[in-house]
Amino acid sequence: MGHRPLFTLTCVVTLALGFGSVTAVFTVTDSVVLRALPYPESDRVVRLDSGTEADGVRNASGANYLDWKEEATSFEALAGLCTRDFNFAGIEYPIRVRGVSVTPDFFAVLGTEPARGRVLSPDVDGPGAEPAVVVGDGFWRTHLGADPSAVGSVVQLNGQPHTVVGVMPPGFSYPGETTLWKSSAFRVPDPPVDIGDDPAENRGADYFQVVGRLRQGVGLADAQAEMTAIAARLAKEYPDPNEGVGIVVQSLRDSIIGDARPRLMLLLAAAGLVLLISCVNVAGMLLARGTERLGEIGVRLAIGAERRRIVRLFLIESLLLACIGGTAGVALAAWATKVLLGLAPDSVPRTGEVAVDFGVLLFAIAVVFGAS
């Protein structure tokens, strides 16, 4: 290999392109599609949507949500949330921040403990309680100076005082790139616009999302069957807004991924094809190189070399090429992953979780040994 540097470099570059492309796409696919959500027992966390066959799924209304919560037995907790922008009186000047108005069961559904302070709870932060807010780690560091005493302080959101009761750990963010979660003044999330005196009494305004945590031993199909029966009962009792409206229960991960799964799987298959072509090209070059070495092999055999040692020689050379190409490919993948994320549309979820980590390295090592 040292005496044939151009041949060696060509093989390494060809393999690096194949390994790099498949590793980069796998890095994105693993983080977005394959990896579980970063919540305890995340397979039990679901999203509930109402909808019709004609209109598709949509958000929930206040009165319907309260009926779901009262009648459903498949869930440990149900919570509503409504994404909103808030005017935050910052340290130097007011800023606009993305937040969520949530019912106090929200953190019980996701199951994540705070890094500091406490989360919202039904016992403390129900309707009529003092307005409270839980902030994300990034918000705490950027806008509250990473000050531990910020827990218990009062901040202004839309001109109203809110007590900071907790700080979530790094990486916690739902939905999307949320930075803070505030308690609602109602039994349902605060509406983005005025829809009446009490949004909890409204059945026609579908403005917020509902998430839930399944009870131990309850499957998705069981929960779906129960919610279908509840939807039928509501359609019969309140036909005006609910006629023909069902309830769809799906895992929170599937609801977040949406149609990104088939697109990323197709891209992963295409990257695998690129790797296959790279391996075939290198195999062809090695075969051509082997024909040039027939005289050398003949001499080795003539002086007593065993056939298995000749085979081992070629396997070691192939493995060495694959390892060098794989190492270069991982370095290329780290750069290509950033390029992919830069080109990804905003509709691709969980991009903030994408990173070349230990699991990706194990995948790359397996591909290298498989290809060699």
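Please refer to the structure higher up on the page.
Everything in this summary refers to the structure shown in the same document. Note that the structure is a prediction, hence the values are computed from the model and not measured. (Residues numbered from 1 in each chain as written. Predicted model: local features only at pLDDT ≥ 70, side-chain atom pairs only at ≥ 80, totals over all residues. Heavy atoms only, no water.)

Once that is clear, we can look at the overall build of the protein. Helix and strand counts for the protein come out as 11 helices and 11 strands. Its C-alpha atoms give the protein a radius of gyration of 28 Å, more than 25% over the compact-globule value 21 Å for 372 residues. Here the C-alpha coordinates of the protein stretch approximately 95 × 55 × 35 Å along the principal axes. Residues classed as buried in the protein amount to 42% of the 372 residues present. Here the contacts in the protein between residues at least 6 apart in sequence split such that 76% fall between residues at least 24 apart. On the protein, roughly 18,800 Å² of surface is accessible, and the fraction owed to carbon and sulfur atoms is 60%. The averaged location of the 40 negative side-chain charges in the protein is 13 Å from the averaged location of its 31 positive side-chain charges. (Helix = DSSP H or I, 4+ residues; strand = E, 2+ residues; numbered from the N terminus. Rg over C-alpha atoms; globule rule 2.2 N^0.38 Å. Buried < 20%, exposed > 50% of the residue type's maximum accessible area, 1.4 Å probe, protein only. Contact = heavy atoms within 4.5 Å. Areas by Shrake-Rupley, 256 points an atom, 1.4 Å probe, with all protein chains shown as cover. Lys, Arg positive; Asp, Glu negative; His and termini not counted. Charge placed at Lys NZ, Arg CZ, Asp CG, Glu CD.)

On to the environment of Ser278, then. Along the chain, Ser278 turns up in helix 8 (residues 260–292). Considering only alpha carbons, one finds Ser278 and Arg44, 234 residues apart in sequence, at a separation of 42 Å. If we ignore the near neighbours within four places in the chain, the residues touching Ser278 are Thr14 and Gly18.

The contact between helix 10 (residues 307–343) and helix 11 (residues 358–371) brings their axes to 9 Å, and the two run at 150°. Between helix 10 and helix 11, the angle is such that the two are roughly antiparallel. Between helix 10 and helix 11 the crossing geometry is right-handed. Together, Leu319, Ala322, Cys323, Gly326 and Val330 of helix 10 and Leu361, Ala364, Val368 and Phe369 of helix 11 make up the contact between the two elements. In the contact of helix 10 with helix 11, the residues fall into 8 nonpolar, 1 polar and no charged. (Axes fitted to C-alpha atoms, helices over the stretch in contact; angles between N-to-C directions. Parallel < 35°, antiparallel > 145°, perpendicular 65-115°, else oblique. Left-handed = near helix turned anticlockwise from the far one by under 90°. Nonpolar A, V, L, I, M, F, W, Y, C, P; charged D, E, K, R; others polar.)

This model, assessed by the stated rule, comprises 16 salt bridges. Of the charged contacts, one joins Arg233 and Glu71 as a salt bridge, the two residues approaching to 1.8 Å between their closest N and O atoms. Placement of Arg233 in helix 5 (residues 220–237) and of Glu71 in helix 2 (residues 62–71) is noted, with a sequence separation of 162 residues between them. For Arg233, a relative accessible area of 26% translates into the label partly exposed. (Salt bridge = Lys/Arg side-chain N within 4 Å of Asp/Glu carboxyl O.)

Glancing now at unusual backbone geometry. The bulk of non-glycine residues show a negative phi, and the bulk of peptide bonds are trans. Between Tyr174 and Pro175 the backbone carries a cis peptide bond, its omega angle lying at -5°. Assignment of secondary structure puts Pro175 in the loop between strand 8 (160–167) and strand 9 (180–183). Within the chain, Ala146 stands out as a residue other than glycine whose phi angle is a positive 55°.

Here we take up the nonpolar core. Inside soluble globular proteins, nonpolar side chains tend to come together where they are buried. Counting 24 residues, the largest nonpolar core has Leu48, Trp68, Phe75, Phe208, Val210 and Met227 as its most contacted members. Those elements that provide at least two residues to this core are strand 1 (45–52), helix 2, strand 3 (75–89), strand 10 (209–214), helix 5 and strand 11 (246–251). Examining the composition of this core, we find that 5 residues originate from one element, helix 5, more than from any other. Setting aside chain neighbours within four positions, we find Leu48 in contact with Trp68, Phe75, Leu78, Val210, Val211, Gly212, Met227, Ile247, Val248 and Val249. Leu37, Phe107, Leu120 and Met168 belong to the second-largest nonpolar core, a separate cluster that totals 23 residues. (Core = buried A, V, L, I, M, F, W, Y, C linked by side-chain atoms within 4.5 Å.)

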